[in-house]
Amino acid sequence: MLGRLRDSDPQPAKSGKNAPKLTWKPIIRESSPSQPSQQPETIFENRLFQEQLTSSSEMDVIIDGNIQKFNVSSTFNSGTLTITFENVLKMVLDGTELKISNYQFHSLSSQLKVIPLLSSLIEGKKLTLPIGDIQITDFSEKNIRFINEIKEHILFIEDLKEAFLYFSIDPNTNFSETKEGIELNFGLSFLIRASKHGDISNFKKRLSSKNNSCLINLLIGDQTIVCLYHDGKLKNIFSKDQIDIKAILGYNTPDQCDYSIFVQLNDESLTKGTNLDFQAIKESFQEIDPFVNELACSTTTNFCLRCIAAYDKSNRRELLLLAKYILSMHPSIETDDFNYINLLQINKRLNGSLTAEEEDKLITIKSTAPSDILKQFGVSILLESKIEAKRLYSKLDKKNQEIIDSTPIMKLYSDL
């Protein structure tokens, strides 16, 4: 379990805790002249209004004299009206009583959207909704606790906004609880501690065996945040001040060379990383020669294959464009048959088919390497020769079958 925020740091509001009963003044519909005996009714009690309210996905709220629109969902159940604003803030009206609570986190942008509403409410200002006016007029001990909790929550969201900027997390990212991930309140608080204080508390114990810089997948709820562990802190690897960090291949060998730190991105990072900055990854490869020697060439090929395989799982088109960009840096791609085949399997995924020129090149490879079964197999798949591909696969020995089974070309093979 990750440590809580420091005492001086704000914390997220607990759903429903200290939820007060607020005063609200419903809009009154007077009896009509044609029905003088009819008693006045609240719009809240009017069935037509109820239907209009529950069918609407937007609501205008007058806050401090200004109209703001909110995405809402509304339900009536046994005389109780529940309105949820921006998937995060819940108002429950039961008769003359109103309760308000923080429903769920959802996304930072949703939380930021309701901050003006919460701020005005705890300042004692009047909120005008289609159902009437809402205002805190009772400053009992319980309501004071609620006001203080909401003040803490607002400060927490403001800090979280800075943490999202620090780790390059899109504020529109939706977070949900999962059994596998860190519980949201703890996880989001941890992002603040890591970015604001450089404090990773108990998480550091899990990294005690890692002495060098490395990439970490931080699973918060259902979202994977890719971070750099460096100098005992978690940092944003995609920031301008970190992007120049290099990996070293073949340390203290004749093949030693600098390489992009992003070679450490694993399948989970590429498939699920919510804060991946593909432009930053491209720029890091611009700083090195990914084909400078045999070791670098092999590493680059494997990284590109990893990107293609991650695309097949996630459908993130940027992964294909990244792999294509890196392979295009090859000084003579058309003479490197395997990497050319890899380039064309990217094009096949991007475009759905190959050009006549690309097909002609594959036919040339096929004719010049008749005894290379692996090349023949890749070519036959890209040319959509299903029977020939099946025959060639059966000719591979078990070791090569196991190797080829783990590569993304098999996805195209299975689609024939």
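This write-up is about the structure you can find in this document. Counting of residues starts from 1 at the beginning of each chain's written sequence and follows it residue by residue. Residue-level local features of this predicted model are given only where pLDDT is at least 70; pairs of side-chain atoms are given and counted only at 80 or more, and the full residue set underlies all totals for whole chains, interfaces and linings. To obtain the side-chain values, all non-hydrogen atoms of the structure were included, while hydrogens and water were left out.

Time to look at the pattern of salt bridges. A side-chain nitrogen of Lys or Arg and a carboxyl oxygen of Asp or Glu constitute a salt bridge if their distance falls within 4 Å. Counted by the stated rule, this structure contains 15 salt bridges. A salt bridge links Lys69 to Asp60; the shortest N-O distance between them is 3.0 Å. When its relative accessible area of 47% is taken as the criterion, Lys69 is described as partly exposed. Among the residues examined, Asp60 registers a relative accessible area of 35% and is labelled partly exposed. Connected through shared salt-bridge partners, Asp64, Glu123 and Lys125 make up one network. The rule is simple: take the accessible area with a 1.4 Å probe, protein chains only, and divide by the maximum for that residue type; under 20% is buried, over 50% is exposed, in between is partly exposed.

Another point: the sheet that holds strand E13 (residues 233-235). Paired through backbone hydrogen bonds, the strands of a sheet run either parallel or antiparallel to each other. The strand order across the open sheet formed by 3 strands is E11-E12-E13, and the pairing between neighbours is antiparallel. For this open sheet the edge positions go to strand E11 (214-220) and E13, each flanked by a neighbour on one side alone. Across the sheet, the mean angle from the axis of one strand to that of its neighbour is 45 degrees, orientation sign disregarded. If DSSP finds at least two bridges between two strands, the strands pair. By definition, any uninterrupted DSSP run of H or I lasting at least four residues is a helix, any uninterrupted run of E lasting at least two residues is a strand, and each is numbered from the N terminus. Direction of pairing for strand E12 (residues 223-230) relative to E13: antiparallel, over a ladder of 3 bridges. The residue bridging Tyr229 from the neighbouring strand is Leu234, located in E13. Contacts between helix H4 (residues 184-197) and the sheet are confined to E11 and E13, with E11 contributing the most and set at about 145 degrees to the helix. Lines fitted to C-alpha atoms define the axes here, with helix axes fitted over just the stretch in contact, and angles between the N-to-C directions of these axes take values from 0 to 180 degrees. Between two residues, a contact is recorded if the distance between any of their heavy atoms is within 4.5 Å.

What follows deals with unusual backbone geometry. Even without being a glycine, His106 presents a positive backbone phi close to 65 degrees. As for its position among the elements, His106 is in the loop between strand E8 (97-102) and helix H2 (108-122). With relative accessibility at 18%, the residue His106 sits in the buried group. One non-glycine residue with positive phi stands out, namely Asn315, at about 65 degrees. Following the sequence through the fold, Asn315 ends up in the loop between helix H7 (294-314) and helix H8 (317-327). Take Asn315: its relative accessible area is 57%, and that puts it in the exposed class.

On to the pairing of strand E6 (residues 80-85), then. Most of E6 is tucked away: 6 of the 6 residues are buried. Of the two faces of E6, the one carrying Thr80, Thr82 and Thr84 and the one carrying Leu81, Ile83 and Phe85 are both buried. Of the strand pairs in this sheet, strand E5 (residues 66-77) and E6 are connected by 6 bridges, and their pairing is antiparallel. Bridge pairing in E6 places Asn77 opposite Thr80. What sits between the antiparallel neighbours E5 and E6 is a turn of 2 residues, in which Ser78 has the positive phi angle 50 degrees. With 6 bridges joining them, E6 and strand E7 (residues 89-94) adopt antiparallel strand pairing. Looking across to E7, one finds that Leu81 is bridged to Leu93. The hairpin formed by E6 and E7 contains 3 residues between the paired strands, and Glu86 there has a positive phi angle of roughly 55 degrees.

Throughout this description, the term nonpolar core refers to a set of buried Ala, Val, Leu, Ile, Met, Phe, Trp, Tyr and Cys residues connected via side-chain atoms within 4.5 Å. Phe238, Phe262, Leu265, Ile281, Phe377 and Leu382 are the most contacted members of the largest nonpolar core, which has 61 residues in total. Per element, the largest residue contribution to this core is 9 residues, and it comes from H7. In contact with Phe377, not counting residues within four places along its chain, are Ala389, Leu392, Tyr393, Ile404, Met410 and Tyr413. If you look at the next biggest cluster of nonpolar residues, it comprises 57 residues, including Met91, Leu121, Ile147 and Ile154.

Closest axis-to-axis distance for the helix H11 (residues 373-382)/helix H12 (residues 386-395) pair is 9 Å, and the angle between their directions is 155 degrees. Put simply, H11 runs roughly antiparallel to H12. Here H11 runs over H12; the crossing is left-handed. In this structure, H11 uses Ile373, Gln376, Phe377, Ser380 and Ile381 to contact H12, whose residues at the interface are Glu388, Ala389, Leu392, Tyr393 and Lys395. Each residue receives one of three labels: charged for Asp, Glu, Lys and Arg, nonpolar for Ala, Val, Leu, Ile, Met, Phe, Trp, Tyr, Cys and Pro, and polar for the others, Gly being one of them. Residue classes in the contact of H11 with H12 are distributed as 6 nonpolar, 2 polar and 2 charged. Just so you know how the angles are binned, under 35 degrees is roughly parallel, over 145 roughly antiparallel, 65 to 115 roughly perpendicular, and the rest oblique. Each crossing is labelled by how the near helix is turned from the far one, with a counterclockwise turn of less than a right angle marking it left-handed and a clockwise turn marking it right-handed.

Looking now at H4. In an α-helix, one full turn covers 3.6 residues, which means residues spaced three or four apart are oriented alike. Here a helix's expected span is defined as the number of its residues, less one, multiplied by 1.5 Å. Helix length check: H4, at 14 residues, gives a terminal C-alpha distance of 19 Å against a target of 20 Å (1.5 Å per residue), a fit within 8%. Most of H4 sits out of view: 10 of its 14 residues are buried. On its buried face, H4 is in contact with helix H3 (141-166), E11 and E13. Just downstream of H4 lies Gly198, where phi reads positive at about 65 degrees.

Position of Ile169 among the secondary structure elements: in the loop between H3 and H4. In the structure, Ile169 is positioned 67 residues away from Asn236 in sequence and 9.9 Å away in space, judged by C-alpha atoms.

Its location among the elements puts Glu86 in the loop between E6 and E7. For Glu86, the side chain forms a polar contact with the side chain of Lys113, separated by 3.1 Å. Any N or O atom pair separated by 3.5 Å or less is treated as a polar contact, with the protein-specific requirement of one donor-capable and one acceptor-capable atom, and with residues adjacent in sequence counted only for side-chain atom pairs.

The disulfide definition used here is simple: a pair of cysteine sulfur atoms within 2.5 Å. The tally for this structure, following the rule as stated, stands at 0 disulfides. Unpaired in this structure, Cys307 has its nearest cysteine sulfur neighbour in Cys304, at a distance of 6.0 Å. What makes Cys307 buried here is its relative accessible area of 0%.

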